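Chain by chain, the residues:
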There are 2 protein chains.
Amino acid sequence: MDFSKVPLQTVERLSRYRRVLADLQEDGVESVFSHRLAELMGVTPAQVRRDLSIFGSFGNVARGYDVVELHGTIGRLLGTDKLQTLAMIGLGNLGRTLLTYRGFQERGFHIGPVFDRDSEKIGKVYAGRRCYSIDDLETVLPDFKCKMAILACGSSGLDAIVARLADLGIRSILNFVPCRVIPPQGVFIENVDLSAKLEKLSFLSKA
Amino acid sequence: MDFSKVPLQTVERLSRYRRVLADLQEDGVESVFSHRLAELMGVTPAQVRRDLSIFGSFGNVARGYDVVELHGTIGRLLGTDKLQTLAMIGLGNLGRTLLTYRGFQERGFHIGPVFDRDSEKIGKVYAGRRCYSIDDLETVLPDFKCKMAILACGSSGLDAIVARLADLGIRSILNFVPCRVIPPQGVFIENVDLSAKLEKLSFLSKA
DNA sequence: GTGTGACTGTGAATGTATTAACAGTAGATT
DNA sequence: AATCTACTGTTAATACATTCACAGTCACAC
Ligand SMILES: NC(=O)c1ccc[n+]([C@@H]2O[C@H](COP(=O)([O-])OP(=O)(O)OC[C@H]3O[C@@H](n4cnc5c(N)ncnc54)[C@H](O)[C@@H]3O)[C@@H](O)[C@H]2O)c1
Ligand SMILES: NC(=O)c1ccc[n+]([C@@H]2O[C@H](COP(=O)([O-])OP(=O)(O)OC[C@H]3O[C@@H](n4cnc5c(N)ncnc54)[C@H](O)[C@@H]3O)[C@@H](O)[C@H]2O)c1
């Protein structure tokens, strides 16, 4: 599997395919044609076939795609067939909300250690997770074997935190802090900027 | 201004330009070249010039772009130069977190009326905002003159809620519910799917 | 004034993503 | 067994986005 020639947009659709397939599986549907899958996804059938064919030939002319099999295959591709433990930095309003969100668990993610710099929070347990001092990152994090992290902290000194996470083996980061963070070599950062989304909507709705 | 020929990616960058320009303004910088702006944005200088030139000629060969002027121009383009009031559906963990988030206010957005179906919450006031019954949407919402809404509720009956919002003049929606919602004619929906983002990161970090 | 250097705005070139179109195939039908 | 139908996987065509590269412009030096 040559990752470099998978279109980024296709990657973003993969998780949606999986979600749609999970629903079909729940409904007892055994197999599905690109046509129907496209309809459920809101894309063209050609797009579906193209997306899937990048990873192999899973379809069958007579029956289409096997729902259970394809669901499993996409899960393995995404790496979400096994539970992954994430680290989180910042246990403020957002951090606490994310901690109690069940949607992550359902899709193979689990927030493990949480780090903050506020002494009020350090040592306490929230939603079953212990809050550690950000100063203890190097001693605590390795025990959890995390490959991914969530940033839900303040913006000051963010680059330093990212560098430390990278040194500790974190390969990818979901960042809620609305400021530019330059990814260290080999680290992927996905930014979630809600205000930017609202601004985009504001622009579009003027059209 | 012909909106149809503005690349979507450019729209998404507009809010980031504005943020960068706000920082420059704060630092007392009067004008800036595409080069420097590109550096701060993490894109190429050609991209910056192309993006801005779509909306007009704001630059000056000798001084580059006027920081204050461009900041204002982008604000007007995005429609965030005036405060906009949003409606929100769902006052759960996420809804409450968003209500208290200061970042929205800072960028010209204000959550006004909040609707829920839980009688425990209806009538109460959270962070200065009254929670109304979702059944009273038609009577309450018009008073607030909202053009945008946030969905932070459960997934059942979502299409019906979206249809009602559309009928009441909502033009665009920020949706946190992880299921496909088909936008009614003339309504824009931006989906925020955090699990999908994590799955994307999981895939990329296997490369 | 004339020359120099550095910039913007943009046409042309390239790169990336989507859609159209069809060859090849397998089951169903006569 | 020959024909028909409807599908997948893929090649070719199109659309969309970014980058290159340069003509035209302005400020400044001499
Ligand atoms: N709350 C929201 O709805 C929302 C929405 C979008 C983005 N965000 C962003 O997410 C981040 C967190 O938001 P919040 O509302 O939870 O803020 P918050 O102030 O409630 O919490 C921030 C937490 O991070 C901790 N923190 C700050 N700097 C730290 C550091 N260097 N190391 C460790 N811990 C640190 C603080 O002690 C605090 O506990 C902010 O950057 C915010 O802009 C929040
Ligand atoms: N909590 C998170 O961190 C998080 C992250 C990403 C996405 N989401 C999504 O956001 C949504 C809300 O999440 P949450 O954690 O706040 O859930 P929650 O259960 O805490 O709150 C949901 C709220 O919505 C209300 N509600 C449900 N259906 C409604 C309807 N039809 N009309 C009006 N109100 C309705 C409920 O009464 C409840 O108050 C969910 O769809 C969830 O999947 C949540």
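The structure presented is a predicted model; accordingly, all values stated were derived computationally and were not measured.

Some remarks on the protein's contact with DNA strand C
And step 1. Near DNA strand C lie 23 residues; those nearest to it are A:Arg13, A:Arg50, B:Ser34, B:Arg50 and B:Tyr65.
And step 2. If you look at DNA strand C and keep only atoms within 4 Å of the protein, 62% of those are sugar or phosphate atoms.
And step 3. Between a phosphate oxygen of DNA strand C and a main-chain N or O atom of B:Phe58, the distance comes to 3.2 Å.
And step 4. Between DNA strand C and B:Tyr65 there is a distance of 2.8 Å, counted from a phosphate oxygen to a side-chain nitrogen or oxygen.

Here we look at the protein's contact with DNA strand D
And step 1. In the vicinity of DNA strand D lie 23 residues, with A:Ser34, A:Arg50, A:Tyr65, B:Arg13 and B:Arg50 positioned nearest.
And step 2. Of all atoms in DNA strand D that approach within 4 Å of the protein, 62% are sugar or phosphate atoms.
And step 3. Note that a base oxygen of DNA strand D is positioned 2.6 Å from one of the side-chain N or O atoms of A:Arg50.
And step 4. Between DNA strand D and A:Tyr65 there is a distance of 2.9 Å, counted from a phosphate oxygen to a side-chain nitrogen or oxygen.
And step 5. For the surface near DNA strand D, the elements supplying multiple residues, two or more each, are α3 (45–53), β2 (59–60) and β3 (64–66) of chain A together with α1 (8–26) and α3 (45–53) of chain B.
And step 6. Grouping the constituent residues of the surface near DNA strand D by class yields nine nonpolar, nine polar and five charged.

Observations concerning the site of ligand 1
And step 1. Every one of the 23 residues lining ligand 1 counts as a neighbour, but A:Asn93, A:Leu94, A:Asp116, A:Lys121 and A:Cys153 are closest to it.
And step 2. Neighbouring residues of ligand 1 are not confined to a single chain but are spread across chains A and B.
And step 3. With respect to ligand 1, the backbone of A:Arg117 contributes an N or O atom lying 3.3 Å from a nitrogen atom.
And step 4. A distance of 2.7 Å separates an oxygen atom of ligand 1 from a polar side-chain atom of A:Lys121.

Brief notes about the domain arrangement of chain A
Quite often, the size of an interface is put as the accessible area lost when its parts meet.
And step 1. On domain assignment, one finds that chain A holds domain 1 (3–78) and domain 2 (84–196).
And step 2. Here the C-alpha centre of domain 2 of chain A lies 31 Å away from the C-alpha centre of domain 1 of chain A.

Some points on the sheet that holds strand β2 (residues 59–60) of chain B
Residues and elements named next belong to chain B.
And step 1. Within the open sheet, the three strands sit side by side as β1-β3-β2. Their pairing is antiparallel. Both edges of this open sheet fall to β1 (31–32) and β2, since each of them pairs with a single strand only.
And step 2. Summarising the sheet, β1 and strand β3 (residues 64–66) pair through two bridges and their orientation is antiparallel. Looking across to β3, one finds that Ser31 is bridged to Asp66.

Some words on the pattern of salt bridges
And step 1. Scanning the model with the defined rule gives 20 salt bridges over all chains in all.
And step 2. Residues A:Arg19 and B:Asp193 are paired through a salt bridge, measuring 3.3 Å at the closest nitrogen-oxygen approach. Remark: B:Asp193 occurs in the loop between β10 (188–191) and α9 (194–204) and A:Arg19 occurs in helix α1 (residues 8–26); the pair is interchain, linking two chains.
And step 3. Between A:Lys197 and B:Glu190 there is a salt bridge, with the nearest N and O atoms lying 2.8 Å from each other. Of this pair, A:Lys197 sits in helix α9 (residues 194–204) while B:Glu190 sits in strand β10, each in a different chain.
And step 4. Sharing partners across several salt bridges, the network here consists of A:Glu12, A:Glu190, B:Lys197 and B:Lys200.

Describing the packing of aromatic side chains
And step 1. Taken as a whole and assessed by the stated rule, the structure comprises ten aromatic pairs over all chains.
And step 2. Ring centres 6.3 Å apart and planes at 70° place the aromatic pair A:Tyr132 and A:Phe144 in the edge-to-face group. Within this pair, whereas A:Tyr132 is found in strand β7 (residues 129–133), its partner A:Phe144 is found in helix α7 (residues 137–144), the two being separated by twelve residues in sequence.
And step 3. Measuring from ring centre to ring centre gives 5.0 Å for A:Phe203 and B:Phe3, while their planes differ by 45°; the resulting arrangement is tilted. Taken as a pair, A:Phe203 in helix α9 and B:Phe3 in the segment before α1 lie in two separate chains rather than in one.
And step 4. A residue is classified by how much of its surface remains accessible, and B:Phe3, at 23% relative accessible area, is partly exposed.
And step 5. Aromatic ring contacts, followed pair by pair, group A:Phe3, A:Phe55 and B:Phe203 into a single cluster.

Definitions and limits used
- Residues numbered from 1 in each chain as written.
- Chains lettered and ligands numbered in written order.
- Predicted model: local features only at pLDDT ≥ 70, side-chain atom pairs only at ≥ 80, totals over all residues.
- Heavy atoms only, no water.
- Near = heavy atom within 4 Å.
- Polar contact = N/O pair within 3.5 Å; in protein donor to acceptor, adjacent residues only side chain to side chain.
- Helix = DSSP H or I, 4+ residues; strand = E, 2+ residues; numbered from the N terminus.
- Nonpolar A, V, L, I, M, F, W, Y, C, P; charged D, E, K, R; others polar.
- Domains from an automatic or database assignment.
- Pairing = 2+ DSSP bridges.
- Salt bridge = Lys/Arg side-chain N within 4 Å of Asp/Glu carboxyl O.
- Phe/Tyr/Trp six-rings, centres within 6.5 Å; stacked < 30°, edge-to-face > 60°.
- Buried < 20%, exposed > 50% of the residue type's maximum accessible area, 1.4 Å probe, protein only.

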